[in-house]
Amino acid sequence: MLTLDHHPSGRHFLQIPGPSPVPDRILRAMSLPTIDHRGPEFGALGLKVLAGIRQVFKTQHPVAIYPASGTGAWEAALVNTLSPGDLVLMYESGHFASLWQKMATRLGLQTEFVAWQGQDEHLPHAPSWRRGVQADLIEARLRQDSGHRIKAVCVVHNETSTGVTSDIAAVRKAIDAAGHPALLMVDSISGLASAEYRHDDWGVDVTISGSQKGLMLPPGISFNALSPRALAASKSAKLPRAFWAWDEIVEMNKGGYWPYTPNTNLLYGLSESLDMLLGEGLDQVFARHLRWAAGVRAAVTAWGLPIQCADPAVYSPVLTGVITPVGVDADAVRRLIHQRFDLSLGTGLGKLKGRMFRMGHLGDSNDLTLIAMVAGVEMGLKLAGVKLAGSGVHATMDHFTHHAAPAALRAAA
Ligand SMILES: Cc1ncc(COP(=O)(O)O)c(C=O)c1O
């Protein structure tokens, strides 16, 4: 059991890539009394959040909201659209893609796991975990599948285990170029509301997301954004489903209600989150995350440590993974930083255990919070005996000094 070496005063630095810090405004909204989920007041709340969340996914089509973590919404996407024994093409981008693939197998689906097989200097055992989805590999596999045995292609938009994003429009293009009818399912659990996302424009059939990342809510609600093709597939899909079934949810949502007792107080929080995000403007939200990510990466570059994402074109705006030198246990560094500075960082998951840690820069944050995070990490690395090439804190401060936030520029004008 980890304990701090003193009673912590001040606030904890929650810098994992989700759950992200929940703004006071959302916590206050969630503290309102729970109401009758069949009453008129609730119907208005339901309609409001259902309309708002469609704007965030950039879709005209229904979005199912579940009282479940993201894992539940993964299952919902699969069981609503597929039948026992169906073949699903999944892409190994990291730990979350691997967990989704395991789930598909448990549900009685056949899975094929595509991975990039090139050489990697720093992580030779996990080259595919340092790069985005290679759409050409998907296209090549679909072209071989002339009998259309593959029923769905599943990819992760923002791999939270690695800090790598993927080009979803390119995956759609690859499916279309192969002339293949497979559904496209995308996990944007940690991308939505932090990184640009367009469910309709990118031709996604089911997008899966969760509350505890860019939406700045506690864990506990998750989403399936649907397409007309996904809804049509759900009519003939044979995997058993009851709680996750879209048909009753979509029908009752027309009046702002759910077939079961919804998570009322989290929906109050969602309503507040939507007011904040749509009030700020999604483009501004994405620009804010891109700028923060660049500021944090400047620190890692100054330290002289490798960034987990090997391709600058797909750096995540949400988190940055840092590979520790061979022989330095990344989890020991993380524990030390937590103990000394009350700062939580993300652990290396699956194949990355002990080899890297993750710095979250998403949601309700600001420049000084991120400079403090970088300072905590820098002190921890030094205490762990890691030789650093230079000061990450100075690099991040320089970045934020010379790249003013668009909102600050507007205020000064
Ligand atoms: C990309 C991604 N997919 C799936 C999940 C699983 O979601 P949950 O832990 O909410 O069930 C997570 C959780 O962090 C995630 O980041």
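Each value, and the rule that gives it
Residues numbered from 1 in each chain as written. Predicted model: local features only at pLDDT ≥ 70, side-chain atom pairs only at ≥ 80, totals over all residues. Heavy atoms only, no water. Helix = DSSP H or I, 4+ residues; strand = E, 2+ residues; numbered from the N terminus. Rg over C-alpha atoms; globule rule 2.2 N^0.38 Å. Buried < 20%, exposed > 50% of the residue type's maximum accessible area, 1.4 Å probe, protein only. Contact = heavy atoms within 4.5 Å. Areas by Shrake-Rupley, 256 points an atom, 1.4 Å probe, with all protein chains shown as cover. Lys, Arg positive; Asp, Glu negative; His and termini not counted. Charge placed at Lys NZ, Arg CZ, Asp CG, Glu CD. Near = heavy atom within 4 Å. Polar contact = N/O pair within 3.5 Å; in protein donor to acceptor, adjacent residues only side chain to side chain. Nonpolar A, V, L, I, M, F, W, Y, C, P; charged D, E, K, R; others polar. Salt bridge = Lys/Arg side-chain N within 4 Å of Asp/Glu carboxyl O. Arc of directions from axis to C-beta. Core = buried A, V, L, I, M, F, W, Y, C linked by side-chain atoms within 4.5 Å. Axes fitted to C-alpha atoms, helices over the stretch in contact; angles between N-to-C directions. Parallel < 35°, antiparallel > 145°, perpendicular 65-115°, else oblique.

Undergrad: What is the right way to read the overall build of the chain from this model?
TA: Along the chain, the regular secondary structure elements total 14 helices and 13 strands. Relative to the compact-globule value of 22 Å for 413 residues, the chain shows a C-alpha radius of gyration of 21 Å, a close match. Taken along its principal axes, the extent of the C-alpha atoms in the chain is 60 × 55 × 50 Å. Looking at the chain as a whole, 57% of its 413 residues qualify as buried. In the chain, the share of contacts with a sequence separation of at least 24, taken over all contacts with a separation of at least 6, comes to 74%. In the form shown here, the chain has an accessible surface area of approximately 16600 Å², with 56% of it arising from carbon and sulfur atoms. Mean positive and mean negative side-chain charge positions of the chain (37 and 36 charges, respectively) differ by 2 Å.

Undergrad: Could you clarify how one ought to interpret the site of the ligand in this entry?
TA: In the vicinity of the ligand, the contacting residues are Ser69, Gly70, Thr71, Trp74, Phe96, Asn158, Thr160, Asp187, Ile189, Gln212 and Lys213. Here an oxygen atom of the ligand sits 2.7 Å away from a polar atom, N or O, in the side chain of Lys213. Considered on its own, the ligand offers 390 Å² of accessible surface; in the complex 86% of this is hidden by protein. Element by element, the count of residues in the shell around the ligand is highest for helix α3 (residues 70-81), at three residues. For the shell around the ligand, a count of residues per class yields three nonpolar, six polar and two charged.

Undergrad: Looking at this structure, how should I read the pattern of salt bridges?
TA: Proximity of charged atoms lets side chains of opposite charge pair with each other. Going through the model one piece at a time under the given rule, you end up with 19 salt bridges. The partner of Asp275 in a salt bridge is Lys48, with the nearest N and O atoms 2.9 Å apart. You can see Asp275 sitting in helix α9 (residues 264-280) and its partner Lys48 sitting in helix α2 (residues 40-57), a full 227 residues away along the chain. A relative accessible area of 37% places Asp275 in the partly exposed class. Each of Lys58, Glu196, Arg198 and Asp201 takes part in a single network of salt bridges with overlapping partners.

Undergrad: For this particular structure, what's the right way to read helix α13 (residues 392-402)?
TA: Think of an α-helix as 3.6 residues a turn; residues three or four steps apart then line up on the same face. Residues Gly392, Val393, Ala395, Thr396, His399 and Phe400 constitute the buried set of α13. Along the axis of α13, the buried residues cluster in a sector spanning 165°; they form a single face. The exposed residues of α13 that point more than 90 degrees off its buried face are His394, Thr401 and His402. Looking at the buried positions of α13, the neighbouring elements they touch are α10 (282-303) and α12 (367-383). Among the residues of α13, the N-terminal cap falls to Ser391, whose side-chain oxygen and the backbone nitrogen of Val393 are separated by 3.4 Å.

Undergrad: What exactly am I supposed to notice about the nonpolar core here?
TA: Note that soluble globular proteins tend to have their nonpolar side chains buried in a common cluster. Core analysis: the largest hydrophobic core is formed by 83 residues, its most contacted members being Ile53, Ile65, Val153, Val155, Met185 and Leu270. The contacts of Ile53, once residues within four sequence positions are left out, are Val63, Ile65, Leu215, Phe223, Leu270 and Leu274. Core analysis: the next-biggest nonpolar cluster, separate from the first, contains 28 residues, Val322, Ile337, Leu370 and Val393 among them.

Undergrad: Is there a simple way to think about the packing of α9 against α10 in this case?
TA: For any two helices packed against each other, one specifies the crossing angle of their axes together with the interaxial distance. Interhelical geometry of α9 versus α10 gives an angle of 85° and a closest axis separation of 5 Å. The orientation of α9 with respect to α10, classified from their angle, is roughly perpendicular. Packed against α9, whose contacting residues are Leu277, Leu278 and Glu280, the element α10 presents Leu282, Gln284, Val285 and Arg288 at the interface. Among the residues making up the contact of α9 with α10, the classes are represented as four nonpolar, one polar and two charged.

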